[in-house]
Amino acid sequence: METANRNKSETIRKKIQQWSEENPRPMPWRSIKNPYLIWLSEIILQQTRVMQGWDYYLKFSESYPTVKDLADAHIDDVLKNWEGLGYYQRARNMHAAAQQIVSTFEGRFPDDYDSIRSLKGVGDYTASAIASFAYGLPHAVVDGNVIRILTRLFGISGIITSAPVRRSIDALADEVLDKDRPGKHNQAIMDFGAMQCTPAPRCESCPLTADCSAFKDNLVGQIPLKKKPRPKRERFFYYIVFHQEEDLYIKKRSQKDVWEGLYEFYLIEQPEVRDWHQVVEHLPIPCDLEYETAHYKQTLSHQIIHARFALAAITGDRLLKEGYSAVNKKKMRNFAFPKIVDCYLRDKGVNLN
Ligand code: SF4
């Protein structure tokens with residue numbers, strides 16, 4: 001790294017640390033050294049805003065105070081506690097990683113970067129966060145906040161997902177890192193990205209304007225440069241709510257797909273919007289149908305799910321098989337549902353809390 005960049009990195013490091021001391025950001029996981037709790041907070045905060053993640057962090061740390069408690073828990077309970085947070089793969093990975101820690105690391109959270117990185121669901125960012133926060137190891141975190149700050153400060157105008165650009169960002173993150181206090185530095189730069197150098201940055205009050213290439217060249221609005229996102233796939237779910245007296249039939253979703261491990265009603269997926277009569281031509285058992293008018297929509301990272309529901313009162317003696325269970329409405333709260341099903345049940349007055 002050239003001397004000019006090194007000097008600039010040093011100035012940035014000092015100014016961000018000073019900014020951090022003047023702008024404390026209290027959070028329940030702040031300053032903790034327990035690697036398990038740090039890991040919990042980092043996984044929960046992926047794709048989740050701090051205010052939303054806060055309650056989940058408290059719930060998980062109370063329900064599963066140690067990694068062994070989490071490893072011993074039933075996956076259904078873990079998913080139930082995760083309900084409403086979305087991106088359920090995080091919860092499934094977390095549960096699998098807890099079991100990995102018990103089986104491979106004798107229940108002790110690993111304390112070197114490569115072992116932490118080997119845990120299921122743990123990528124470079126999370127491994128660096130745990131290594132630096134819990135063990136003071138000199139690994140720089142590089143998340144969306146850090147990428148935004150560094151590309152603006154150093155005027156990196158290429159597409160951030162291209163491999164050479166990403167390599168330059170990683171090198172700069174390492175150069176800027178305070179190797180003596182990596183945890184404190186990582187926290188400071190992430191806070192700076194969350195509060196100061198935000199997507200719509202507060203340049204007017206920023207202590208780094210004199211060091212910021214994007215600010216000087218009037219390119220703040222264009223950096224960081226992202227690839228155009230691919231259009232989301234639209235899916236059309238038609239749910240048939242088979243019921244008998246106070247029981248509703250539900251089934252655990254087993255496909256390696258959205259919502260794996262969550263519960264739902266009898267589902268007929270269609271490639272496009274259809275009329276109900278086209279959808280319900282071949283139901284597995286006789287029933288009286290009543291179509292709901294509401295349309296539910298849930299937007300996920302790569303998909304948009306549209307759902308409609310029909311109530312189906314079972315008329316004969318035949319019961320719904322193929323893995324379905326009849327569950328009393330009052331016991332629905334024991335199961336984790338996708339948000340779209342959860343919303344439907346709440347609209348129908350089913351108590352899920
Ligand atoms: S001057 Fe603006 S763009 Fe540059 S680091 Fe500060 S807040 Fe970010």
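Structure shown above.
I will try to describe carefully the structure that is included in this document. Everything numeric in this text was worked out from a predicted model, so none of it was measured.

## Here's the deal with the environment of Asn328
Line of reasoning, step 1. Locating Asn328 in the fold gives a position in strand E8 (residues 325-328).
Line of reasoning, step 2. For Asn328, a count of 10 C-beta atoms within 10 Å puts it in the exposed group.
Line of reasoning, step 3. On a C-alpha basis, the gap between Asn328 and Asp69 in space is 29 Å, while along the polypeptide they are 259 residues apart.

## Overview of the pairing of strand E1 (residues 233-244)
Line of reasoning, step 1. Bridging between E1 and strand E7 (residues 303-314) involves 11 bridges; their strand directions are parallel. Bridging from a neighbouring strand, Phe237 pairs with Ala307 of E7.
Line of reasoning, step 2. Strand direction decides the pairing type here: E1 and strand E4 (residues 266-270), joined by 5 bridges, are antiparallel. For Tyr239, the partnering residue across the bridge sits in E4 and is Leu267.
Line of reasoning, step 3. Bridge analysis of E1 against strand E2 (residues 247-252) gives 2 bridges, and the strand direction is antiparallel. Residue His243 lies in a different strand from E2, and its bridge partner there is Leu248.
Line of reasoning, step 4. Taken together, E1 and the strand that follows it, E2, pair antiparallel across an intervening segment of 2 residues, in which Glu245 is found at a positive phi of about 50°.

## Here's the deal with helix H10 (residues 163-176)
Line of reasoning, step 1. Taking 1.5 Å of rise per residue, 14 residues should cover 20 Å, and H10 covers 20 Å from first to last C-alpha, within 8% of that figure.
Line of reasoning, step 2. All buried positions along H10 are accounted for by Ile169, Leu172, Ala173 and Val176. Seen end-on, H10 carries its buried residues on one side only, within an arc spanning 105°. Turned more than 90 degrees away from the buried face of H10 sit Ala163, Pro164 and Arg167, all of them exposed.

## Brief notes about the site of the ligand
Line of reasoning, step 1. The environment of the ligand is formed by 15 residues, the closest being Cys197, Pro201, Cys203, Cys206 and Cys212.
Line of reasoning, step 2. For the shell around the ligand, the secondary structure elements donating two or more residues are helix H9 (144-154) and helix H12 (213-216).
Line of reasoning, step 3. In terms of residue count, the dominant contributor to the shell around the ligand is H9 (3 residues).
Line of reasoning, step 4. Its residues placed into classes, the shell around the ligand shows 11 nonpolar, 2 polar and 2 charged.

Cut-off values and rules
Residues numbered from 1 in each chain as written. Predicted model: local features only at pLDDT ≥ 70, side-chain atom pairs only at ≥ 80, totals over all residues. Helix = DSSP H or I, 4+ residues; strand = E, 2+ residues; numbered from the N terminus. Buried ≥ 20, exposed ≤ 12 C-beta atoms within 10 Å, placed from the backbone. Pairing = 2+ DSSP bridges. Expected span 1.5 Å × (residues − 1). Arc of directions from axis to C-beta. Near = placed C-beta within 6 Å. Nonpolar A, V, L, I, M, F, W, Y, C, P; charged D, E, K, R; others polar.

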